[in-house]
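Each chain, letter by letter, is given below.
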Amino acid sequence: MKFPILKDSKIEERYQSAKEIYADYGIDTEKAIEVLKNIDISMHCWQGDDVVGFENKGGNNGGTLCTGNHPGVARTPDELRSDIEKSISLLPGKLSLNLHAFYQENDGDAVDRTEIGPKQFENWCNWAKEKKVGLDFNPTFFAHPKAESGFTLSSADNDIRQYWIEHAKRCREISAHFAKELNDDVVVNYWIPDGAKDLPADRWAPRERLTDSYNQIFKDDIDSRVKEALECKLFGIGSEEYVVGSSEYYLAYTLMKKKLLCLDMGHFHPTENIHDKLSAVLGFLPEVLVHVSRPIRWDSDHVVILNDDLMSLCREIVRGDVLNRVYLATDFFDASINRIGAWVTGIRSLQKALIFALLDPTNILKDLELAGKGAEKLALMEEAKLLPYADVWNYLCLQENVPTGTAWINDISKYENDILSKRK
Ligand code: RNT
Ligand code: ZN
């Protein structure tokens, strides 16, 4: 099917009507659009190659699991960049690219993770400058023989632990280089797979060692544009019973050491949502990083869609007026469908949830709540879901020169035919 291209004049007409409807609730659509355009979304690079990277070291991914083998996976940095560029051309707003250390570029022989530096990321950095996107970074504590025991920064083997401490230090150097080159914030996220499949005899020592490792890593001050976040997790495959970097562990550590806490939407009990956590932790922590993901039954990292979890998350950020204190980074990977389609669907859904949140009649809802008018409040919350935010979204896409409505689906099919299907 050829998906319809909406006429510009129709989009403008519908926008004018939507603008009036929202104005009746005291909502300024122009302002919402301006805010959305400036929300920097950190787009994860790893949807494009199924979290494989360019080292070919083997080793497991620390319990993260990318399933499916849809053709057209990016096999080289150039292919990955081309796929990212295609995706970016279909997305409005501001973007950064989120890299992992194992996306280093080398001459076929991977540089050891304790020896990587800005040089292995020179092409990425130049590319980011040219495309006017920011960069974020992650040390990679998995997919490596030295992570096979299931422990990295909390390992009882001192050589292994020192190895990963050194890797983290190299990543700090790379991140500081990015911050300087791009003159921009660089969010660095630490996620380690450390944990045990079954009952550990000692839950204490790994956490003590982890604290010591982080203290060593963070000992030297770093460029203030480098924002360091630590990601907690409930459990992973192979770490069902015990995760060293649990929620309590990282909440305590980040509070004490003034780091960012990273909340991943898939890293809590299956019925637990992260939107309720923002007003709790941001009362004490200056900033947080959110990994935008979609768990189904477990931390499955499905492509993000416009569901209640996502809408609640964005609403909380807007209602709490904390857009400048919450960094948003996507984190999902599906290899069973066209990967550009996966990326764009997920990121557009996040942006749609944000525009929806920015058009929320929050002030009226708060007044109704204070006046004890519970039924009216609930009724308006439900009716607000039918307000014409799609017309505002399309108008925003038009202004940003990216496809409106479903037209972008034509683009991914064409790219699949022209480019992806030729990758054998
Ligand atoms: C794993 C974490 C982590 C990774 C990425 C690749 O459970 O969510 O953020 O998905 O670093
Ligand atoms: Zn994550």
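On a predicted model such as this, the values are computed, not experimentally measured, just so you know. (Residues numbered from 1 in each chain as written. Chains lettered and ligands numbered in written order. Predicted model: local features only at pLDDT ≥ 70, side-chain atom pairs only at ≥ 80, totals over all residues. Heavy atoms only, no water.)

Colleague: Any chance you could explain the overall build of the protein chain here in plain terms?
Modeller: Within the protein chain, the regular secondary structure consists of 14 helices and 12 strands. Overall, the protein chain is about 65 × 55 × 40 Å in size when its C-alpha atoms are taken along their principal axes. Taking all 424 residues of the protein chain together, 54% fall into the buried category. When the accessible surface of the protein chain is summed, it comes to about 18900 Å², and 51% of that surface belongs to carbon and sulfur atoms. Averaging the locations of the 51 positively and 68 negatively charged side chains of the protein chain gives two centres separated by 2 Å. (Helix = DSSP H or I, 4+ residues; strand = E, 2+ residues; numbered from the N terminus. Buried < 20%, exposed > 50% of the residue type's maximum accessible area, 1.4 Å probe, protein only. Areas by Shrake-Rupley, 256 points an atom, 1.4 Å probe, with all protein chains shown as cover. Lys, Arg positive; Asp, Glu negative; His and termini not counted. Charge placed at Lys NZ, Arg CZ, Asp CG, Glu CD.)

Colleague: It is not clear to me how the state of the cysteines should be interpreted in this structure. Could you clarify?
Modeller: Scanning all chains against the criterion turns up zero disulfides. Of the cysteine sulfurs around Cys66, a residue in no disulfide, the closest is that of Cys45, at 12 Å. Among the residues examined, Cys66 registers a relative accessible area of 23% and is labelled partly exposed. Looking at Cys397, it has no disulfide partner, and the nearest cysteine sulfur is the one in Cys314, 15 Å off. (Disulfide = S-S within 2.5 Å.)

Colleague: What is the right way to look at the coordination of the zinc ion (ligand 2) in this model?
Modeller: Between any two of four tetrahedral donors, the ideal angle at the metal is 109.5 degrees; between two of six octahedral donors, it is 90 or 180 degrees. Summarising the metal site, the zinc ion (ligand 2) is bound by the protein donors Glu231 (OE), Asp264 (OD), His291 (ND1) and Asp331 (OD), whose distances to it range over 2.1 Å. Bound by six donor atoms, the zinc ion (ligand 2) shows angles of 71 to 173° at the metal and therefore octahedral coordination geometry. Within one chain, the residues donating to the zinc ion (ligand 2) are spaced in sequence as E-x32-D-x26-H-x39-D. Of this pair, Asp264 sits in strand S8 (residues 260-264) while Asp331 is found in the loop between strand S12 (326-330) and helix H10 (339-358), placing the two residues 67 residues apart along the sequence. For the pair shown, Asp264 and Asp331 are each scored as buried. (Donors = N, O, S within 2.8 Å, 3.2 Å for Na, K, Ca; no water. Tetrahedral: all angles 85-135°; square planar, octahedral: opposite > 155°, others 65-115°.)

Colleague: Please explain the pattern of salt bridges as it appears in this structure.
Modeller: A side chain of one charge can pair with a side chain of the opposite charge if their charged atoms are brought near each other. Counting across every chain of the model gives 29 salt bridges. Of the charged contacts in the structure, one is a salt bridge between Asp78 and Arg81, with a shortest N-O distance of 3.0 Å. In this pair, Asp78 and Arg81 both sit in helix H3 (residues 77-88), three residues apart, roughly one turn of the helix. Using a relative accessible area of 56% as the deciding quantity, one classes Asp78 as exposed. One salt bridge connects Asp418 with Lys414, and the closest N-O pair in it is separated by 2.6 Å. A residue pair is termed a helical-turn pair when its members lie 3 or 4 positions apart in one helix, as Asp418 and Lys414 do in helix H14 (residues 408-418) at four residues. Accessibility expressed as a relative area gives 52% for Lys414, which makes it exposed. (Salt bridge = Lys/Arg side-chain N within 4 Å of Asp/Glu carboxyl O.)

Colleague: When you look at unusual backbone geometry in this model, what are you seeing that I'm missing?
Modeller: Of all residues except glycine, most have a negative phi; of all peptide bonds, most are trans. Of note in the backbone geometry, Arg297 takes a positive phi value of approximately 70° without being a glycine. By relative accessible area, Arg297 is classed as exposed at 77%. Phi at Asp301 is positive, roughly 55°, even though this residue is not glycine. Structurally, Asp301 is set in strand S11 (residues 298-302). Among the residues examined, Asp301 registers a relative accessible area of 3% and is labelled buried.

Colleague: Sorry, what's going on with the site of ligand 1 here?
Modeller: Around ligand 1, the neighbouring residues are Trp46, Thr64, His100, Trp191, Glu231, Lys233, Asp264, His267, His291, Asp299, Asp331 and Phe333. Contacts to ligand 1 include Asp264, whose side-chain N or O atom sits 3.0 Å from an oxygen atom. The cavity where ligand 1 resides is the largest cavity. (Near = heavy atom within 4 Å. Polar contact = N/O pair within 3.5 Å; in protein donor to acceptor, adjacent residues only side chain to side chain. 1 Å grid on protein atoms, 1.4 Å probe; cavity = no way out; pocket = protein on both sides within 12 Å on 5 of 7 lines; lining within 4 Å. Sits in = over half its atoms within 2 Å of the grid points.)

Colleague: Please explain helix H4 (residues 122-131) as it appears in this structure.
Modeller: Think of an α-helix as turning once every 3.6 residues; residues three or four places apart then point the same way. By the burial criterion, the buried members of H4 are Trp124, Cys125, Trp127 and Ala128. When H4 is viewed along its axis, its buried side chains cluster within an angular range of 160° and face the same direction. Against the buried residues of H4 lie H3, strand S2 (94-100), strand S3 (134-138) and helix H5 (158-182). Backbone geometry just downstream of H4 places Lys132 in the positive-phi region, at approximately 60°. (Arc of directions from axis to C-beta. Contact = heavy atoms within 4.5 Å.)

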